[in-house]
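The residues making up each chain are set out below.
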Amino acid sequence: MRVSLEQAIAELKNGGVVAIPTETVYGLAADATNDSALKKVFEIKQRPADHPLIVHIGDMNQVSDWATTFPEVAIKLAEAFWPGPLTLVLPAQPHVSRVVRGDEPTVALRVPNHPVALALLKQGNLSVAAPSANLFTQLSPTTAAHVEAGLGESIPVLDGGPCNVGIESTIVSVSANGQWQLLRPGMISEEEIAKVATTHHQAPSLASAVANQIVPKVPGQHALHYSPRTPLMLFKDRLSLIQESKALQAMGLSFAIMLIGDSDNVELNCQTINLPNSPDKVAELLYSSLHDLDTMKVDRLLVELPPVLPEWLAVLDRLSRAGYR
């Protein structure tokens, strides 16, 4: 059910939920100060109650409403990347709902870079918690139609067009003493974060933190996540993908393929989506392409992985979780 900006604001103020556009993905929004509304988000998504939610605010002046401290490094990051696809995890004010925090002592905040989302937040004088508007572990939506296909047409949707970043925000935690840590990769890279953070001490890398189980709970850490309904197979090289396609064909199984980069001289007798060899463009088109492949109702989806390079980290993260088995 598509709704206007005014209808969306009214619905949120009345304790309802609305799917809203951001530059990353569509979020299933609820008033971040209303526990009964927040619980509806968890129920609709079938999301575990101990998973924190990201609070979307209208500008960085509202950080003090939610966090006990706004360290210098966090201020620098906010000034550099807000509005934008960066979430800051900061020590939470005591009044911040445990439902939002997932019982963590921190709160996750960001200012979205989307005119419709910002209009909703500012005109409605709202702060909203808005995890992706999909069932838990399934593909994130990047259009209003994706929301309706995944959650049904009874969910109010504020249509803001296709998302132009296309994958979820980078998440960085900043402690009261200014120590920062990358918790989820996104299209703002760890290198960009480090350049802005300058002299402030970085906590252990994401990989070592995960290995030592010292990462606080944040969205997107579940091993299986961002996943289409069709079984997904990932391939580090194109030759292996082609060999698998031949094996599936011999078994009489149907499949569709997503390639990254040039596909000249590649003969594939199946539905194929070819994405350009650009991290930004692949991120923008990743979920919409997987949604398109999922609708083909084939037995398998075969996806070529990008190279293991820093600029591809966010895409690799989403695909590795989507194909987790």
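Only a predicted model underlies this, so the values are computations on that prediction, with no experimental measurement involved.

K.L.:
Please explain the environment of T272 as it appears in this structure.
P.N.:
Summarising the element assignment, T272 is placed in strand β11 (residues 271-275). For T272, a relative accessible area of 33% translates into the label partly exposed. With near-sequence residues (within four places) excluded, T272 lies in contact with I257 and L259.

K.L.:
Looking at this structure, how should I read helix α1 (residues 5-13)?
P.N.:
An α-helix turns once every 3.6 residues. As a result, residues three or four positions apart point the same way. Of the positions making up α1, those classed as buried are L5, A8, I9 and L12. Angular distribution of buried residues about the axis of α1 spans 100°; they occupy a single face of the element. Elements that come into contact with the buried residues of α1 comprise β1 (18-20), β2 (27-31), α6 (115-123) and β6 (128-129). Two residues or fewer past α1, G15 is found with a positive phi of approximately 85°.

K.L.:
Sorry, what's going on with the nonpolar core here?
P.N.:
Looking at soluble globular proteins, one finds that nonpolar side chains tend to be buried together. By size, the foremost hydrophobic cluster in this structure holds 49 residues, and its most contacted members are L77, W82, L86, L88, L109, V172 and V174. When near neighbours in sequence (up to four residues on either side) are disregarded, L88 contacts F70, A74, L77, A78, W82, V107, A108, L109, V172 and V174.

K.L.:
Hey, could you run me through the sheet that holds strand β4 (residues 86-91) in this one?
P.N.:
Paired through backbone hydrogen bonds, the strands of a sheet run either parallel or antiparallel to each other. The eight strands lie next to each other as β1-β2-β6-β3-β5-β4-β7-β8, forming an open sheet whose pairing is mixed. The open sheet has two edge strands with one neighbour each: β1 and β8 (180-184). As paired elements, strand β3 (residues 54-56) and β6 share two bridges and run antiparallel to each other. From the neighbouring strand, V55 faces β6, where its bridge partner is A129.

K.L.:
Would you take a moment to explain the packing of helix α11 (residues 279-294) against helix α12 (residues 313-322) for this structure?
P.N.:
A pair of packed helices is characterised by two quantities: the angle between their axes and the separation of those axes. Viewed as axis vectors pointing N to C, α11 and α12 meet at an angle of 20°, and their least axial separation amounts to 9 Å. As the angle between them shows, α11 and α12 are arranged roughly parallel. The handedness of the crossing between α11 and α12 comes out as left-handed. Facing α11, whose interface residues are P279, V282, A283, L286, Y287 and L290, α12 presents V315, R318 and L319. When its residues are assigned to classes, the contact of α11 with α12 shows eight nonpolar, no polar and one charged.

K.L.:
What am I meant to see in the confidence of the model for the protein here?
P.N.:
Model confidence for the protein is summarised by a mean pLDDT of 92, while 92% of its residues fall at 70 or above. Low confidence marks residues 208-214, where pLDDT is under 50. Its contacts with residues over four positions away, or in another chain, come to seven contacts.

K.L.:
Explain the pattern of salt bridges here, please?
P.N.:
Between side chains of opposite charge, a pair can form as their charged atoms come close. Under the criterion given, the structure shown has ten salt bridges. Here R110 makes a salt bridge to E23, at a shortest N to O gap of 2.8 Å. Placement of the pair is R110 in strand β5 (residues 106-110) and E23 in the loop between β1 and β2, with a sequence separation of 87 residues. Where K281 meets E284, a salt bridge forms, and the shortest distance between an N and an O atom there is 3.3 Å. Of the two residues, K281 and E284 are both situated in helix α11; the distance of three residues between them amounts to about one turn of the helix. The class of E284 is partly exposed, set by a relative accessible area of 25%. Linked through salt bridges whose partners overlap, the residues forming this network are E168, D317, R318 and R321.

K.L.:
Help me out: how do you make sense of the environment of P94 in this one?
P.N.:
Residue position: P94 is located in the loop between β4 and α5 (98-101). For the pair P94 and T106, spaced twelve residues apart in the sequence, the C-alpha separation amounts to 9.8 Å.

K.L.:
Help me understand the environment of S154, please; the structure alone is not making it clear to me.
P.N.:
Along the chain, S154 falls in the loop between α7 (144-151) and β7 (170-174). Spatially, the C-alpha atoms of S154 and E244 are 40 Å apart, while their sequence positions differ by 90 residues.

K.L.:
Looking at this model, I keep getting lost on the sheet that holds β11. Mind explaining?
P.N.:
Strand order across the open sheet formed by four strands is β9-β12-β10-β11, with parallel pairing between neighbours. Edge positions in the sheet fall to β9 (232-235) and β11, since each has one partner strand and no second. On average, each strand axis in the sheet is tilted by 15° relative to the strand beside it, whichever way the strands run. Looking at chain direction, strand β10 (residues 255-260) and strand β12 (residues 300-304) are connected through four bridges and run parallel. What sits directly across from M258, in β12, is V303. Where α12 meets the sheet, its contacts fall on β9, β10 and β12, and the angle it forms with β9 comes to roughly 135°.

K.L.:
Would you take a moment to explain the packing of helix α4 (residues 72-81) against helix α8 (residues 190-197) for this structure?
P.N.:
Following both chains from N to C, one finds α4 and α8 inclined at 120°, their axes separated by 9 Å at the closest point. With respect to α8, the axis of α4 lies oblique. Here α4 runs over α8; the crossing is right-handed. Of the residues in α8, those touching α4 at V73, K76, L77, A80 and F81 are E192, I193, V196 and A197. Classifying every residue of the contact of α4 with α8 by side-chain character gives seven nonpolar, no polar and two charged.

Rules used throughout
- Residues numbered from 1 in each chain as written.
- Predicted model: local features only at pLDDT ≥ 70, side-chain atom pairs only at ≥ 80, totals over all residues.
- Heavy atoms only, no water.
- Helix = DSSP H or I, 4+ residues; strand = E, 2+ residues; numbered from the N terminus.
- Buried < 20%, exposed > 50% of the residue type's maximum accessible area, 1.4 Å probe, protein only.
- Contact = heavy atoms within 4.5 Å.
- Arc of directions from axis to C-beta.
- Core = buried A, V, L, I, M, F, W, Y, C linked by side-chain atoms within 4.5 Å.
- Pairing = 2+ DSSP bridges.
- Axes fitted to C-alpha atoms, helices over the stretch in contact; angles between N-to-C directions.
- Parallel < 35°, antiparallel > 145°, perpendicular 65-115°, else oblique.
- Left-handed = near helix turned anticlockwise from the far one by under 90°.
- Nonpolar A, V, L, I, M, F, W, Y, C, P; charged D, E, K, R; others polar.
- pLDDT = per-residue confidence, 0-100.
- Salt bridge = Lys/Arg side-chain N within 4 Å of Asp/Glu carboxyl O.

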